[in-house]
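What the coordinates show
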Amino acid sequence: KVAKSAPERNRIRSRVYEIVRLQAADYLTNEDVVITVFDSRLSTIEHGELQDIIIKLLEQIKKV
């Protein structure tokens, strides 16, 4: 577990899911994606910064 409290884990999950959902049409066609979170700071960083991180990851998937 990255975060001890369930609400914090849910916050991280929902933030990541929403960004991926909005970007999926541009970056994902028929792939399954697994995003592993290793840092609880994802629950508190700014939305734009988190979005930039996830878009960079999605671009790496698209290049493969």
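What you are looking at is a predicted structure, and each value in this text was computed from that prediction instead of being measured.

Observations regarding the nonpolar core
- By size, the foremost hydrophobic cluster in this structure holds 12 residues: I12, V16, I19, V20, Y27, L28, L42, I45, L50, I54, I55 and L58.
- Breaking this core down by element, the ones donating at least two residues are α1 (6–27) and α2 (47–63).
- Among the elements that line this core, the one with the most residues is α1, at 5 residues.
- Residues in contact with V16, not counting those within four places in the same chain, are I35, L42 and I54.

Notes on a nonpolar patch on the surface
- Together, V33, I35 and I61 give the surface a local cluster of nonpolar side chains, amounting to about 190 Å² of exposed area.
- Following the sequence through the fold, V33 ends up in the loop between α1 and α2.
- The exposure class assigned to V33 is partly exposed, which follows from its relative accessible area of 32%.

Brief notes about the pattern of salt bridges
- Scanning the entire structure with this criterion turns up 2 salt bridges.
- For E18, the salt bridge goes to R21, with nearest N and O atoms at 2.7 Å. Of this pair, E18 and R21 both sit in helix α1, 3 residues apart, which is roughly one turn of that helix.
- When its relative accessible area of 34% is taken as the criterion, E18 is described as partly exposed.
- One salt bridge connects D39 with R41, and the closest N-O pair in it is separated by 2.5 Å.

So, how was this worked out
The residue count restarts for each chain, going from 1 along the sequence in the order it is written. In keeping with the predicted nature of the model, local features appear solely for residues at pLDDT of at least 70, side-chain atom pairs appear and are counted solely at 80 or more, and the whole-chain, interface and lining totals rest on all residues. Processing note: side-chain calculations cover all non-hydrogen atoms of the structure and skip hydrogens and water entirely. In these notes, a set of buried Ala, Val, Leu, Ile, Met, Phe, Trp, Tyr and Cys residues joined through side-chain atoms within 4.5 Å is what counts as a nonpolar core. A 1.4 Å probe rolled over the protein chains alone gives each residue an accessible area, and that area as a share of the maximum for its type sets the label: buried under 20%, exposed over 50%, partly exposed in between. Put simply, DSSP H or I for four residues or longer makes a helix, DSSP E for two residues or longer makes a strand, and each gets a number counted from the N terminus. When checking whether two residues touch, look at their non-hydrogen atoms; a contact exists if any pair is within 4.5 Å. Note that patches include only residues with greater than 30% relative accessible area and no salt bridge, and the join distances are 9 Å for like charges and 5 Å for nonpolar side chains (Val, Leu, Ile, Met, Phe, Trp, Tyr). Residue exposure ignores everything except the shown protein chains as possible cover, and the areas themselves are Shrake-Rupley values with a 1.4 Å probe. When a carboxyl oxygen of Asp or Glu lies within 4 Å of a side-chain nitrogen of Lys or Arg, that pair is called a salt bridge.

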